[in-house]
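The lines below spell out each chain.
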Amino acid sequence: MVTGAGGGIGRATALAFAAAGAAVVANDLKADGPGMQGLLRDVAAFGGRALAVGGDVSREDDVRNLFARAVAAFGTVHVLVNNAGIQSDAPFVEMTVAQWQHVIDVNLTGQFLCAREAAREFRRRKVPPEISRAAGKIVCMSSVHQAIPWAGHVNYAASKGGVSLLMTSLAQELAPDRIRVNGIAPGAIRTPINHEAWGTTQSLDELLKLIPYGRIGEPEDVARAALWLASDESDYVHGTTLVVDGGMMLYPGFRGNG
Ligand code: NAI
Ligand code: BGC
């Protein structure tokens, strides 16, 4: 199951899982939007299986329905990629409570609600030895901004800081059930969420100053990391965050200084 799969990183992740043979439950706000319909077509084109379920991850009823639909269609859920997330940026003194709350609701409460439903299902089903060594896997999409402070985006940075400790605390609590929980902290990935940062040559040049590896990330860079974290190849990896950022977290401002 991949939330926020109608575009960007979620879409690439859903495609990567379907290409690897998984039956994919793709969630986004609307099941019949162009992104979701395009995803279903692309998965069908290579003979994969996908189900689109509309729903807002910050709403408990929608999340319950999402899991009920998934279980009804495919019998159970083995992997949750907690990906849906938004930005609503503003200078701190101008940020409204609505902007603060919306970002916390989707980015943090949404991950709590989906992870809770997934853990309930994994605990009920237990380890399926024919499928995996773990009872289930949860991958929480965080951001380099779980660690890098971000002026003008305090709601977003706070939500991702929260995701980091949600993820590690869940990992600690759910390990005895053989439920693996990890996070991914992407740097700048070319998607609609940050179009402003790469949409012009000038903005891209500015952005690249922050990325030692010298290129912007693509959604597939993150999708491959999610696939690995969900596979038995990473069976002993638990409670960690995989940073996928071309070196953005390496304090590039210190090159030649400090
Ligand atoms: P995006 O804006 O391209 O895609 C996000 C998707 O989530 C959209 O399809 C949107 O409709 C959906 N969504 C929004 N609110 C939702 C809700 N309440 N319920 C269900 N779906 C909802 O963004 P992108 O870049 O693909 O972001 C995906 C995740 O990756 C987010 O959690 C974001 O914070 C994170 N991320 C993105 C980075 C980037 O540079 N693009 C870097 C670090 C983290
Ligand atoms: C944000 C993007 C930003 C990236 C690197 C992500 O979490 O959603 O807008 O480009 O971090 O700063």
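Our subject is the structure that appears above.
As a starting point, this report considers the structure included with it. (Residues numbered from 1 in each chain as written. Chains lettered and ligands numbered in written order. Predicted model: local features only at pLDDT ≥ 70, side-chain atom pairs only at ≥ 80, totals over all residues. Heavy atoms only, no water.)

Comments concerning the side chain of T76
Thought 1: Along the chain, T76 turns up in the loop between helix 3 (60-74) and strand 3 (79-82).
Thought 2: Look at T76 and you get buried, because its relative accessible area is 14%.
Thought 3: Of the polar contacts made by the side chain of T76, one reaches the side chain of R125; its length is 2.7 Å. (Helix = DSSP H or I, 4+ residues; strand = E, 2+ residues; numbered from the N terminus. Buried < 20%, exposed > 50% of the residue type's maximum accessible area, 1.4 Å probe, protein only. Polar contact = N/O pair within 3.5 Å; in protein donor to acceptor, adjacent residues only side chain to side chain.)

Quick word on the site of ligand 1
Thought 1: Around ligand 1 there are 29 residues in total, and I9, D28, N83, Y156 and T191 lie nearest to it.
Thought 2: Side-chain polar atom of Y156 to an oxygen atom of ligand 1: 2.6 Å apart, as the coordinates give it.
Thought 3: At the level of elements, helix 1 (8-19), strand 1 (23-28) and helix 5 (154-174) are the ones that each hand at least two residues to the shell around ligand 1.
Thought 4: Class assignment of the residues belonging to the shell around ligand 1 gives a composition of 13 nonpolar, 13 polar and 3 charged. (Near = heavy atom within 4 Å. Nonpolar A, V, L, I, M, F, W, Y, C, P; charged D, E, K, R; others polar.)

Focus: the pattern of salt bridges
Thought 1: With the rule as written, the count across this model stands at 13 salt bridges.
Thought 2: With a shortest N-O distance of 2.5 Å, R11 and D42 are connected by a salt bridge. Pair noted here: R11 is in helix 1 and D42 is in helix 2 (residues 34-45), with a separation of 31 residues, a long-range link.
Thought 3: According to the relative accessible area criterion, R11 is partly exposed, its value standing at 25%.
Thought 4: Given a relative accessible area of 32%, D42 falls into the partly exposed group.
Thought 5: Between R64 and E60 there is a salt bridge, with its nearest N and O atoms 3.4 Å apart. One end of the pair, R64, and the other, E60, are both in helix 3, 4 residues apart, so they sit about a helical turn from each other. (Salt bridge = Lys/Arg side-chain N within 4 Å of Asp/Glu carboxyl O.)

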